[in-house]
Every structure is written in C-alpha cells, then in structure tokens.
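For reference, the chains in residue letters:
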Amino acid sequence: MVRSRKETTISVRKLIIFLHSSGKSVRNVAKLVNLSHSTGQYVIKHFKEGNQIENKVRKGRPAKLTERNQRFIIRKFVKNPSLSALEVSAEFNEKFSTTISPETVRRVLRAAGVNGRSARRKFFIKANITFLVPMVWRRKNEELNLKNLVGTVTYGGRGALVWGCMSASGLDNDPMHTALNVRLWCLHNCPQNLKTPPQSPDLNPIEHIWRELEVRVRKHGIKTKSELKTVMMGEWMNIDAEITKKKTSEIYSQTLKSCCGC
C-alpha cells in the first residue's frame, strides 16, 4: 500500500507565515516549527501565489476504503488464502456500511503484493484427495507455506477415467473410427468424415468439448470422487448441441485452410 503523507495543520501553517513575515528565513522558520526546509518553503510559496493557507479542493473521487477496511480484507486472505474475492466482499458488505465489489477486493490485494496463484501440491502418503488444483492468494515467495499448499498423493485417486462421445454430422480420424465396422456404418449414416491425422488432439473436436467440460467443473467446490462424478455428468448434459456444432465447424474450417492454403 502507498504510504500516506501527514499534512501540516492550519495552525502550523499560520505560524510559519507569521514567523516568515517577521523577518526570519525559511530555514530558521522550519527549525522552529520542527518541519523540513522544503515543507516550510512550500507553505510560504503557496501563500504568496494564492494568498491562502488551506489546500485547494482536490479533484477526483476520494478513496472508498479506509486503511482499517484494507487491513480487514488482507487479514482474511492471510488466515485463509483459498478464500475467493466474492466471499470476502459479501462478508465485508455485511460487516461495514460501505459496499464493495469482488474486483475492489482484488485491487486491494494486488496493491498489498498479494496475488492469485495456483496452489502448490505437497505429496503425502495419506491425504485428503484433491481433484482440481485450487487457487490461493499469497505474496511472492510464499508458495511453500503450509496454508498455500494442497495435499495430494503421488499415484491414483486424483481424478476419474471418463469416456464420452459427440457428433456434429461427422467423425474424426481416430483409429477406433477407422475400423471396418465403423466405416461401413459411417458410409450409410455419416455424410462427412474429417480426414485428420490419428492422435491429433488439436484437430479433434472432442478435445475442445473436454476443455469446455473442465472449465465448467472447476467452478464447483469438489471434495470427493462421488461429487466429481455427479458434477461431470450434470455439466456434460448441460453442454448444448450448438456448442458441439460450433467447435466442429471451427476445426473443419481450420482443416480446410491448412489443406487448401487459403
């Protein structure tokens, strides 16, 4: 946070003007009022130019949060780095009369050197399994603090094997789709066949659907494997057919451009 400057009071400024008008030098005046030479010089110059002692009316909106408000926000994340800005802003709005948004919370944290980072994994022999790596708010070089770590295990238990399929008027060129029975079925049922190289995830439309599913699943606070399965099944069914068609058409147009050079 930016360090605030302490302003001189009106009574001290009047004393500076009085002493200077009595014939004392700026340096002697500054010593008598226990201020720096530059501060005394500024007060005298300000009085001579505008014939006033008070500060001019400041432009712009004043700060919405006090230092106490900012300390409250920072303490919340120091105690629990995995909190979200939305949760802290909601708690702040209940506790204080000032209403703030989650983005205001993020600005306060960034100004204090606290940034959102993916939590580091710490491997344990036995631990509570975490399937998705959460985000924590921390300062630089604090990634190995226990509060900023997430427990996990070396092998197994950190995910679930998922099988899914999609169709948008065609299939890709995966080896399982080039089997004789599949080709015979596609000959009568699929008017289009994307001629992509085998094992080419960048050109496989379903890889983009997996990405869409991952983004949706990450929005849930998953704790157990059963929750992960339930959320994945629900979000998979919520993916609209228009998204599938859009992803497929994008891949198809990219393939045409690469093949035709247009």
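Summary of the structure given here. (Residues numbered from 1 in each chain as written. Predicted model: local features only at pLDDT ≥ 70, side-chain atom pairs only at ≥ 80, totals over all residues. Heavy atoms only, no water.)

**Observations concerning the overall build of the chain**
Logical step 1: Looking only at helices and strands, the chain has 10 helices and 4 strands in total.
Logical step 2: Beginning at the N terminus, the succession of helices and strands in the chain can be written as α-α-α-α-α-α-β-β-β-β-α-α-α-α.
Logical step 3: Scored against the burial criterion, the 262 residues of the chain give a buried share of 29%.
Logical step 4: Counting only carbon and sulfur atoms, one obtains 54% of the accessible surface of the chain, whose full area is about 19,000 Å². (Helix = DSSP H or I, 4+ residues; strand = E, 2+ residues; numbered from the N terminus. Buried < 20%, exposed > 50% of the residue type's maximum accessible area, 1.4 Å probe, protein only. Areas by Shrake-Rupley, 256 points an atom, 1.4 Å probe, with all protein chains shown as cover.)

**A short note on the packing of aromatic side chains**
Logical step 1: Counted by the stated rule, this structure contains 4 aromatic pairs.
Logical step 2: Connected via pairs of aromatic rings, a cluster forms that spans Phe72, Phe92 and Phe96. (Phe/Tyr/Trp six-rings, centres within 6.5 Å; stacked < 30°, edge-to-face > 60°.)

**Some thoughts on the side chain of Glu235**
Logical step 1: Along the chain, the position of Glu235 falls in helix 9 (residues 225-238).
Logical step 2: We note that Glu235 is buried and unpaired, the nearest opposite charge coming from Arg216 at a distance of 4.0 Å.
Logical step 3: Not counting chain neighbours up to four residues away, the residues in contact with Glu235 comprise Leu213, Arg216 and His220. (Lys, Arg positive; Asp, Glu negative; His and termini not counted. Salt bridge = Lys/Arg side-chain N within 4 Å of Asp/Glu carboxyl O. Contact = heavy atoms within 4.5 Å.)

**With respect to a positive patch on the surface**
Logical step 1: Side chains of Arg68, Arg71, Arg75, Lys79 and Lys95 sit close together on the surface and give a patch of like positive charge.
Logical step 2: The element that contributes the greatest number of residues to the positive patch is helix 4 (residues 67-79), accounting for 4 residues.
Logical step 3: Along the chain, the position of Arg68 falls in helix 4. (Patch = residues over 30% accessible without salt bridge, like charges linked within 9 Å, V, L, I, M, F, W, Y side chains within 5 Å. Charge placed at Lys NZ, Arg CZ, Asp CG, Glu CD.)

**Overview of unusual backbone geometry**
Logical step 1: Here the phi dihedral of Asn34 falls at roughly 60 degrees; this positive angle occurs in a residue that is not glycine.
Logical step 2: Structurally, Asn34 can be placed in the loop between helix 2 (26-32) and helix 3 (37-50).
Logical step 3: What makes Asn34 exposed here is its relative accessible area of 68%.

**Considerations on the pattern of salt bridges**
Logical step 1: Throughout the structure, instances matching the rule amount to 6 salt bridges.
Logical step 2: Glu103 is paired through a salt bridge with Arg106; the nearest N and O atoms lie 3.1 Å apart. Placement of the pair is Glu103 and Arg106 together in helix 6 (residues 102-111), with a separation of 3 residues, close to one helical turn.
Logical step 3: Relative accessible area serves as the criterion here: at 27%, Arg106 is assigned to the partly exposed category.
Logical step 4: Of the charged contacts, one joins Glu103 and Arg110 as a salt bridge, the two residues approaching to 3.3 Å between their closest N and O atoms.
Logical step 5: Each of Glu103, Arg106 and Arg110 takes part in a single network of salt bridges with overlapping partners.

**Topic: helix 4**
Logical step 1: Its 13 residues give helix 4 an end-to-end C-alpha distance of 18 Å, which sits within 8% of 18 Å, the value for a rise of 1.5 Å per residue.
Logical step 2: For helix 4, every residue scored as buried is listed here: Asn69, Gln70, Phe72, Ile73, Ile74 and Phe77.
Logical step 3: For helix 4, the secondary structure elements touched by its buried residues are helix 5 (85-95), helix 6 and strand 3 (135-139). (Expected span 1.5 Å × (residues − 1).)

**A short note on the nonpolar core**
Logical step 1: If you look at the biggest cluster of nonpolar residues, it comprises 17 residues, and the most contacted ones within it are Ile73, Phe77, Phe92, Val105 and Leu109.
Logical step 2: Those elements that provide at least two residues to this core are helix 4, helix 5 and helix 6.
Logical step 3: A per-element tally of this core places helix 4 first, with 4 residues.
Logical step 4: Residues contacting Leu109, with those up to four places away along its chain left out, are Ile73, Ile74, Phe77, Val114 and Trp137.
Logical step 5: Counting 9 residues, the second-largest nonpolar core is a separate cluster that includes Leu213, Val217, Leu228 and Ile239. (Core = buried A, V, L, I, M, F, W, Y, C linked by side-chain atoms within 4.5 Å.)

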